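The residues making up each chain are set out below.
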2 protein chains.
Amino acid sequence: MKVTIKDIAKEANVSITTVSLVLNNKKCRVSQETKDRIFYLANKYNYVVNLNARNLVKQKTSTIGLLIPDIENIFFSSLVKQIEYVCRENNYSLVIVNSDEKIENDKNLINLLVSRGVDGLLLVLSNDSLNDESISNLINNLPIPYVMIDRYIPEANSNKVYFDNVLGASRIVNHLIKNGHKKIGCLTSPTYSVNGSHRVKGYLNAMEENSLEVKDDYIFQGNFQFESGYEAGEYFKNTDVTAIFSCNGMMTLGICKYFNDNHILIPDDISIVTYDNVLNRYMIGTSITAMEQNTSLLAENSCDILFKQIDDKAINNKTIILTPKLIINDSVKDLN
Amino acid sequence: MKVTIKDIAKEANVSITTVSLVLNNKKCRVSQETKDRIFYLANKYNYVVNLNARNLVKQKTSTIGLLIPDIENIFFSSLVKQIEYVCRENNYSLVIVNSDEKIENDKNLINLLVSRGVDGLLLVLSNDSLNDESISNLINNLPIPYVMIDRYIPEANSNKVYFDNVLGASRIVNHLIKNGHKKIGCLTSPTYSVNGSHRVKGYLNAMEENSLEVKDDYIFQGNFQFESGYEAGEYFKNTDVTAIFSCNGMMTLGICKYFNDNHILIPDDISIVTYDNVLNRYMIGTSITAMEQNTSLLAENSCDILFKQIDDKAINNKTIILTPKLIINDSVKDLN
């Protein structure tokens, strides 16, 4: 015999409405004991909320789907935590999927989230996806509201919330220049990363505006991961640079680890500045001057757009460009 | 007009079976272009896979739900990544939810995952949930297979995969004792943590077996987080301990940061050993002797049980106790 919501209400001695509210994670004034009892009975009788039927009527599941590219990258795990706080404050549950920076996973996981009934999507796409037409098609035809966070497809008609990477990179490189550095290396991200390219552009802009030469060996192409930072350490040791601008935090960890392992002192022997300010709690011995991208700010702005569009049922394309903040620490030697 | 699977098949010029396989994330021999086209059409016409109807027939969604307590803790983010690899290799998608160590979130999120149609659950419960009867009730009545990972309710009839924390702690404290240390402090986890209590038990066992005194001020109660480690640094500075055993990696980061900020050298001034070996890539300047809990081993064993039970449709309660591994680094001074 199939158990209905009526049976559960009867056995729990509450109204059908109460059972519905509890099982749908809606706010309702019943005790935690009653809630537990309702969930207990629902599980006992293998009662599964009919999501599709419910969606057709209520059009709301109070769940947000979040796609991120690399859960182990501390910038993203920090962002996830902030997004979750904002969701919870607004009575949304958050379901997270991780693409491992793979374009085919982006596709499958976005479809998975949509088919499981989420009210909206927060998307940090894989780098490869930013230049992929089938991803653009998929995203442009999504049946629910969504926001591209941190990384975006420039030409897409979509909500976007991201930091101004050109500005941020330019400012932090100018900080090095003000401290008397002229020979400045750049540890870049892979060329297919839009954010990475913008940071490199900011570096090149700052160098050009100050009439400083960018020698061929001033650029080391990394891949945003720890290991490429470590390799960059060895590379830059053999150049004449006095300072290095690293395009993300994970690579900065790597380069600092290399310098430490090889008894090269920061900032006495070499100065370092970095994009991302999520490292310093993990760093023992060195605090790096950083261009901070506040994950809380990113989370709040993204969720704000998404929640409004879910409530309004209107999809307006909105772009919010956030300004990163220079955090000065002791990793830059003053050459003046 | 409501679009059916038949309409999509016709427009994509493929069979209904192909559309069904693609939209359900099943393996099928069609090109990526065809897949993209099918997803594109499904999204275009707002076609949502009827999960409940499908579940009734196929009884499988090829999705696993994972509950973790703290996404920012690098032990858990490493575990998530390993679980995801194993899931992907076995053609399962992974959906992650984060409880923020809150018992009420555990309840809501487990119910959310079950109601959204996952084939099985991997649960790392909040510490508070391990002693909560309503959680036991909820879990004992889950309609799908599940495995408790890393943390477990001792009396629960359930699959469990975890490391032997008493053994691990005892071994690493014995390592300190072999190096001549007799005054050994313990930076504990909160008392409600089963794993933490076991680690403290291992410490006490090792001290007792070697007839070493545990003075009142040798125990500092932490909470598994960075800040409590930092506080513990100041605390232990005012005791006579020559070595400290820290019960997890995040607290170890904190205590190392404190010692560094206060010019206390490891291991010259104080020796440190730690549970968890996920830190050393982040640590600049110090590598800590650690009791490694291999997250890959934990992921493989947990998924192995879960996948088998999903396939067999049988829920046998299996317990796998893994042995952690001592990784010797340069954070212990030899007093012999």
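The rules behind each value
- Residues numbered from 1 in each chain as written.
- Chains lettered and ligands numbered in written order.
- Predicted model: local features only at pLDDT ≥ 70, side-chain atom pairs only at ≥ 80, totals over all residues.
- Heavy atoms only, no water.
- Helix = DSSP H or I, 4+ residues; strand = E, 2+ residues; numbered from the N terminus.
- Contact = heavy atoms within 4.5 Å.
- Areas by Shrake-Rupley, 256 points an atom, 1.4 Å probe, with all protein chains shown as cover.
- Lys, Arg positive; Asp, Glu negative; His and termini not counted.
- Charge placed at Lys NZ, Arg CZ, Asp CG, Glu CD.
- Expected span 1.5 Å × (residues − 1).
- Buried < 20%, exposed > 50% of the residue type's maximum accessible area, 1.4 Å probe, protein only.
- Core = buried A, V, L, I, M, F, W, Y, C linked by side-chain atoms within 4.5 Å.
- Axes fitted to C-alpha atoms, helices over the stretch in contact; angles between N-to-C directions.
- Parallel < 35°, antiparallel > 145°, perpendicular 65-115°, else oblique.
- Left-handed = near helix turned anticlockwise from the far one by under 90°.
- Nonpolar A, V, L, I, M, F, W, Y, C, P; charged D, E, K, R; others polar.

Undergrad: For this particular structure, what's the right way to read the overall build of chain A?
TA: Regarding its fold elements, chain A presents 12 helices and 12 strands. Taken along the three principal axes of its C-alpha coordinates, chain A extends 80 × 40 × 30 Å. Taking as baseline every contact in chain A between residues at least 6 positions apart, the subset at least 24 positions apart corresponds to 72%. When the accessible surface of chain A is totalled, it reaches about 13,600 Å², and 46% of it is carbon and sulfur. Side-chain charges in chain A split into 34 positive and 39 negative, and the spacing between the mean points of these groups amounts to 11 Å.

Undergrad: How should I be thinking about helix α6 (residues 103-115) of chain B in this particular structure?
TA: Residue pairs three or four apart in sequence face the same way in an α-helix, which turns once every 3.6 residues. Residues and elements named next belong to chain B. Taking 1.5 Å per residue as the helical rise, α6 with its 13 residues ought to reach 18 Å, and the 19 Å between its terminal C-alpha atoms agrees with that figure. Extensive coverage of α6 is indicated by the burial of 11 of its 13 residues. All of the buried residues along α6 are Ile 103, Asn 105, Asp 106, Lys 107, Leu 109, Ile 110, Asn 111, Leu 112, Leu 113, Val 114 and Ser 115. One or two residues past the end of α6 sits Gly 117, with phi positive at roughly 80 degrees.

Undergrad: I would appreciate a short explanation of the nonpolar core in the present structure.
TA: What tends to happen in soluble globular proteins is that the nonpolar side chains get buried as a cluster. Ile 64, Ile 83 and Leu 122 of chain A together with Ile 64, Ile 83 and Leu 122 of chain B are the most contacted members of the largest nonpolar core, which totals 58 residues. Discounting residues that sit within four places of it in the chain, Leu 122 of chain B has contacts with Ile 64, Gly 65, Leu 66, Leu 67, Ile 83, Val 147, Ile 149, Ser 302, Cys 303 and Leu 306 of chain B.

Undergrad: Hey, could you run me through the packing of helix α6 (residues 103-115) of chain A against helix α7 (residues 133-140) of chain A in this one?
TA: The angle between the axes and the distance between the axes are what describe a pair of packed helices. Residue and element names in this part refer to chain A. The contact between α6 and α7 brings their axes to 11 Å, and the two run at 15 degrees. Taken as axis vectors, α6 and α7 run roughly parallel relative to one another. Read as a crossing pair, α6 and α7 show a hand that is left-handed. Between α6, through Ile 103, Asp 106, Lys 107, Ile 110 and Asn 111, and α7, the contact on the second element is made entirely by Ser 134, Ile 135 and Leu 138. Tallied by class, the residues present in the contact of α6 with α7 amount to 4 nonpolar, 2 polar and 2 charged.

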